[in-house]
Amino acid sequence: MTVSVGAVEGTAEAAAENDVVDDAEDARPPVRVLGIRHHGPGSARALAAALEAYRPDCVLIEGPADADGLIEWAGRGLEPPVALLAWDNTDPSEASFWPMAVFSPEWQALSWAVAHGAKAHFMDLPAAAVLAERKAERERARAGIKAGTEEDVDDADDPGDSSDSGDSDGSGETGGSGDGGAAAQDAARPERTDPIAELARLAGYEDPEAWWEDVVELRMEGDPFDALAEAIGLLREASPETDESTLRREAHMRKVLRAARRAGHERIAVVCGAWHAPALVGKPPKVSQDNARLKGMAKARTSLTWVPWTHRRLAGGSGYRAGVESPGWYHLLFTAPDRPVVRWLTQVAASLRRQDLPVSSAHIIEAARLAQSLAALRGRPMAGLDELGEAVLSVMCEGSAVRAAAATREVLIGEALGSVPDGVPMVPLDADLRSAAKSLRMAFAAAPKTLTLDLRKPRDLAKSQLLLRLEILGITWGKRQRVSSSGTFKEVWELEWDPEMSVQVVEAAAFGTTVASAAGNALLAATDSLPQVTGSVEKALVAGLSGVVPELLRILDEQAAREMDIVRLLGSVPALARSQRYGDVRGTEASSLGAVTRAVLVRGCAGMSAAAANVDARMARTLRSTIDEVQSVIGLLDERAAALWNGALRSALATRSLPGLLAGRITRMLLDAGELTRDAAALRLSRALSQGTQPEEQAEWIEGFLAGDILLLSYDNVLLEVLDEWLRRIGDRSFVDVLPALRRAFGQWPNPQKVDLARQIRDLGSPAPHGNGPTEERFDDVETVLDTVSMILGGTR
């Protein structure tokens, strides 16, 4: 079961019980405040060193206070990158993440505390308050949009409306604190001085990121925390426009800090975003002031857990507002500080070799020299991404920007995927999914992986069914790929696990505790219309959910009996027809579908003639598309069904007021099925193209008739001559009017076949080979004929 707010006895909640705290307690030393940048390897390295030197007995970390019950897992097999996930129990789509990589200072603080037996607490606003506030912000935004005022519309554009955490409050603090706090109210936040930009400007840097990289991230030693807190404190004094959301978060942090002091801890370390550090050192505000700021906060009924995360989702390009440019580079900076430049270039070389591009160890050596020389010329402590990128471009890729981008893309981001040990609180559906994947040896991986399945093998069939059930639930772990083979026993999937799918699992948990039961219940819930029911029947059979098929068939029978829309009735036949073959392909019992399918087909066929008469052009195209779909699957049914269908087509064709598009299409279908002779079809075509019919109606008749295989025309001069005669007599103005319909009719065929048809038209009326057969007068203006044919066929000449 998940860790809920009610089950976690957070230190902040305990502190809230006591509204009167002696002010002297706030000033009791010692407390070390360590202001960091989220996901910064230099911050993480300096933090680890500072904690080792300070040796605190309590570590307070910026993060949701109601996640304290999950801290113990940091020392029990949790492998970053991971994220805290919180969701609203009443609406699981409302969720927030707090990601951590191995180079995240928060993770290093957790790891140090667990390894050294120090007490650890999260100290930011609880996730319950974060989600409640974000939901309230969305409701206010929606109300503003409905009101239609310019101010309301502006407020609705909430950059905090994301599943990722982050509070872009400058100062190097670009995330890690969840969607709540500052992130949940970015839309209402006033503009504020960017402290990093100000400090960089004072240091003579034009690029704030370059300054931060040089001062913190690229340095392998030193303790920047006190100096940084003092500098940002001066900036906050000079520009005291901190928004209310940030002030509320800082009030909560101080409340947790007071609680830790009262608990008797002697040495307390506070790990927070650098912008917040000045608010937690020195003399704090009165307790009553902080309590007043926190009073009346709404709280949602929330659950929390750990979920795996990826480096790709930590990247700024993924849409994560607290993202970093290169998680792969940052991971290397933190885990391999001895020779990161050479190690980075070695990984780039390996990437180039995987793409069959030539690169040697000499390239690596020369690229490393160039990168280090550029860093020295620019006064940087070591080569950074800019220098490395230039070295790769110049030395390894011979100036090719395309090759350099391909070489570094994989290494810049990395494909690391964290893992969560068994036993971590999770929804039952998630546990069942992971158990099923483990038994089928399907690994959750961040990099795309192609999975080819043979449905005749039991294990492969089980894998297919699992992926299809997840697809029903909206969990897109696998994406089905097109298969070139015409057989039905082969499936190809591309698997790629995205951390966002953890929220999809939570949302789907409302349908059931196992993947099978949840998918079945989801199908039963999607039965509002006949097309939905037939689609659910097909999905149930292909996914091996035979337990829900009887109930779906009962609903289907009731829906079909009440359905009066012929398009919907006929439109449900293809899914039912395809479903009947699964008994052969997947070993699914689908025999009970036969009676239901026939009943639906009978009702659809009985009303087709009336439905097709006197319809407008839009409805004619809709009905034609539906008839085409039924025609494509009628061969999957028995002979009685085919006879019933052909009889319905003949009845419809006998209707006087049948639109030309439908008349032409049905004539072609009956001709292909052998229900209509070639001469009879030619006669109908000739009548449709008679001078008493409007050119537009004639063009629609041709469009319907020509849909399908081009071989009908290529090797049947009788039909071709009827069309040729029609085109000879039609006027220029009428020809331009009907040209779009003709282009649609001919445009569906491949170009080589259209070229072959043009030759057939050119040879109409030519003498038979070797002088045999009658000789007719030959048309001399061949160029004019070919130009016209080219216009009709879409410029194939």
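Treat the numbers as computed from the prediction; the structure is a model and nothing was measured. (Residues numbered from 1 in each chain as written. Predicted model: local features only at pLDDT ≥ 70, side-chain atom pairs only at ≥ 80, totals over all residues. Heavy atoms only, no water.)

Observations concerning the overall build of the protein chain
Tallying secondary structure elements over the protein chain gives 38 helices and eleven strands in all. The proportion of buried residues among the 797 residues of the protein chain is 52%. Per element, the accessible surface of the protein chain, about 35500 Å² overall, is 50% carbon and sulfur. (Helix = DSSP H or I, 4+ residues; strand = E, 2+ residues; numbered from the N terminus. Buried < 20%, exposed > 50% of the residue type's maximum accessible area, 1.4 Å probe, protein only. Areas by Shrake-Rupley, 256 points an atom, 1.4 Å probe, with all protein chains shown as cover.)

Concerning the pattern of salt bridges
Considering all chains together, one arrives at 28 salt bridges under this definition. The network of salt bridges with shared partners includes R378, R380, E387 and E390. (Salt bridge = Lys/Arg side-chain N within 4 Å of Asp/Glu carboxyl O.)

A word on the packing of helix α19 (residues 428-439) against helix α20 (residues 458-472)
Packing of α19 against α20 brings their axes to within 10 Å, and their N-to-C directions diverge by 155°. One element, α19, and the other, α20, form an angle in the roughly antiparallel class. Judged by the twist between their axes, the crossing of α19 over α20 is left-handed. Between α19 and α20, the residues in contact are L433, A436, A437 and S439 and R459, L466 and L470, respectively. (Axes fitted to C-alpha atoms, helices over the stretch in contact; angles between N-to-C directions. Parallel < 35°, antiparallel > 145°, perpendicular 65-115°, else oblique. Left-handed = near helix turned anticlockwise from the far one by under 90°. Contact = heavy atoms within 4.5 Å.)

Thoughts on a negative patch on the surface
Judged by side-chain charge, E206, D207, E325 and D386 come together as a negatively charged surface patch. Summarising the element assignment, E206 is placed in the loop between α7 (195-202) and α8 (208-217). With relative accessibility at 83%, the residue E206 sits in the exposed group. (Patch = residues over 30% accessible without salt bridge, like charges linked within 9 Å, V, L, I, M, F, W, Y side chains within 5 Å. Lys, Arg positive; Asp, Glu negative; His and termini not counted. Charge placed at Lys NZ, Arg CZ, Asp CG, Glu CD.)

Some thoughts on unusual backbone geometry
Cis peptide bonds are those with omega within 30 degrees of zero, and the linkage from P80 to P81 qualifies with 5°. Assignment of secondary structure puts P81 in the loop between β3 (58-64) and β4 (82-88). One non-glycine residue with positive phi stands out, namely H39, at about 60°. With respect to the secondary-structure elements, H39 resides in the loop between β2 (31-36) and α3 (41-54). Here R55, not a glycine, exhibits a phi torsion of approximately 55°, which is positive. By secondary structure assignment, the location of R55 is in the loop between α3 and β3.

Thoughts on the packing of α3 against α8
Contact geometry of α3 with α8 gives a least axis separation of 8 Å together with a crossing angle of 25°. Here α8 runs roughly parallel to α3, going by the angle between their axes. The two elements α3 and α8 cross, and the hand of that crossing is left-handed. Contacts between α3 and α8 involve P41, G42, S43 and R45 from the former and W212, V216 and E217 from the latter.

Concerning the sheet that holds strand β6 (residues 119-124)
Backbone hydrogen bonds hold the strands of a sheet together, and the pairing may be parallel or antiparallel. Ordered in space as β2-β7-β3-β6, the four strands form an open sheet in which the pairing is parallel. Of all the strands in the sheet, just β2 and β6 have a single pairing partner and so form its edges. Here the strands of the sheet are splayed against their neighbours by 25° on average, with no regard to which way each runs. The pairing of β2 with strand β7 (residues 268-273) spans six bridges and is parallel. Note that in β7 the partner of V31 across the bridge is I268. Together, β2, β3, β6 and β7 form the strand contacts of helix α4 (residues 105-116), whose direction differs from that of β3 by roughly 140°. (Pairing = 2+ DSSP bridges.)

Regarding the nonpolar core
Ranked by size, the top nonpolar core spans 140 residues in total, and within it W329, L345, M396, W477 and W645 carry the most contacts. It is helix α28 (residues 593-612) that contributes the most residues to this core, seven residues altogether. In this structure, M396 is in contact with L345, V348, A349, L352, V359, H363, I364, A367, A391 and R403, ignoring residues within four places of it in sequence. By size, the runner-up hydrophobic cluster in this structure holds 40 residues, among which are L34, A67, W112 and L294. (Core = buried A, V, L, I, M, F, W, Y, C linked by side-chain atoms within 4.5 Å.)

Focus on the sheet that holds strand β10 (residues 478-481)
Pairing within the open sheet is antiparallel, and its three strands lie in the order β9-β11-β10. Every other strand in the sheet has two partners, leaving β9 (449-454) and β10 as the edge strands with one partner each. Averaged over all pairs of adjacent strands, the angle between their axes in this sheet comes to 30°, without regard to strand direction. For β10 and strand β11 (residues 490-495), the ladder comprises four bridges, and the chain directions are antiparallel. Its bridge partner being in β11, Q481 is matched across the sheet by V492. Contacting β9, β10 and β11, α20 crosses the sheet at an angle of about 120° to β9.

Examining the environment of L388
One can find L388 in helix α17 (residues 385-396). For L388, a relative accessible area of 0% translates into the label buried. For the pair L388 and V342, spaced 46 residues apart in sequence, the C-alpha separation works out to 9.9 Å. If we ignore the near neighbours within four places in the chain, the residues touching L388 are W329, V341, W344, L345 and A371.

Points about the pairing of β11
Looking at chain direction, β9 and β11 are connected through six bridges and run antiparallel. From the neighbouring strand, L451 faces β11, where its bridge partner is W493.

A word on the pairing of strand β8 (residues 302-308)
Across the seven residues that make up β8, a large majority, seven, are buried. Side chains T302, L304, W306 and P308 of β8 all project onto a buried face; the interleaved residues S303, T305 and V307 project onto the opposite face, where all are buried too. With seven bridges joining them, β4 and β8 adopt antiparallel strand pairing. Considered in β8, the bridge of D88 is made with T302.

What to know about the environment of Q347
Tracing the backbone shows Q347 in helix α15 (residues 340-354). Classification of Q347 by relative accessible area gives partly exposed; the value is 34%. Taking C-alpha positions, Q347 is 9.9 Å from L412, a pair spaced 65 residues apart along the chain.

Here we look at the side chain of T534
Considering the arrangement of structural elements, one finds T534 in helix α23 (residues 530-542). Setting aside anything within four residues of it in sequence, one finds T534 in contact with L556, S572, A575 and L576.

Quick word on helix α12 (residues 287-294)
Looking at α12, one finds that the buried residues are V287, D290, N291 and L294. Along the axis of α12, the buried positions cluster into a sector of 100°, meaning they face one direction only. G296, located one to two residues past α12, shows a positive phi value of around 80°. (Arc of directions from axis to C-beta.)

As for helix α16 (residues 361-377)
Given a rise of 1.5 Å per residue, 17 residues ought to cover 24 Å, and the 25 Å separating the end C-alpha atoms of α16 matches this to within 8%. Of the residues making up α16, those classed as buried are I364, A367, A368, A371, L374 and A375. Around the axis of α16, the buried residues are gathered within 130° of arc, so they sit on the same side. Residues of α16 that are exposed and angled more than 90 degrees away from the buried face: A376 and L377. Next to the buried residues of α16 lie α15 and α17. (Expected span 1.5 Å × (residues − 1).)

As for the confidence of the model for the protein chain
Regions with low pLDDT should not have their predicted coordinates read in detail. For the protein chain, per-residue confidence averages 78 on the pLDDT scale, and 78% of positions sit at 70 or higher. Every residue in residues 1-27 is under pLDDT 50, and counting partners more than four places away or in other chains gives 51 contacts. Throughout residues 768-779 the model reports pLDDT below 50, and contacts reaching past four residues in sequence, or to other chains, amount to nine contacts. (pLDDT = per-residue confidence, 0-100.)

Some details on the packing of aromatic side chains
Summed over the entire model, instances satisfying the criterion amount to seven aromatic pairs. Between the aromatic rings of W329 and W344, the centroid separation amounts to 5.5 Å while the plane-to-plane angle is 75°, which identifies the pairing as edge-to-face. Here W329 is found in helix α14 (residues 327-335), whereas its partner W344 is found in helix α15, with 15 residues between them in sequence. By relative accessible area, which is 0% here, W329 ends up buried. Relative to W497, the ring of F444 has its centre 4.7 Å away and its plane inclined at 70°; by these criteria the two rings are edge-to-face. With F444 in the loop between α19 and β9 and W497 in the loop between β11 and α21 (501-508), the pair connects residues that are 53 residues apart, well separated along the chain. (Phe/Tyr/Trp six-rings, centres within 6.5 Å; stacked < 30°, edge-to-face > 60°.)

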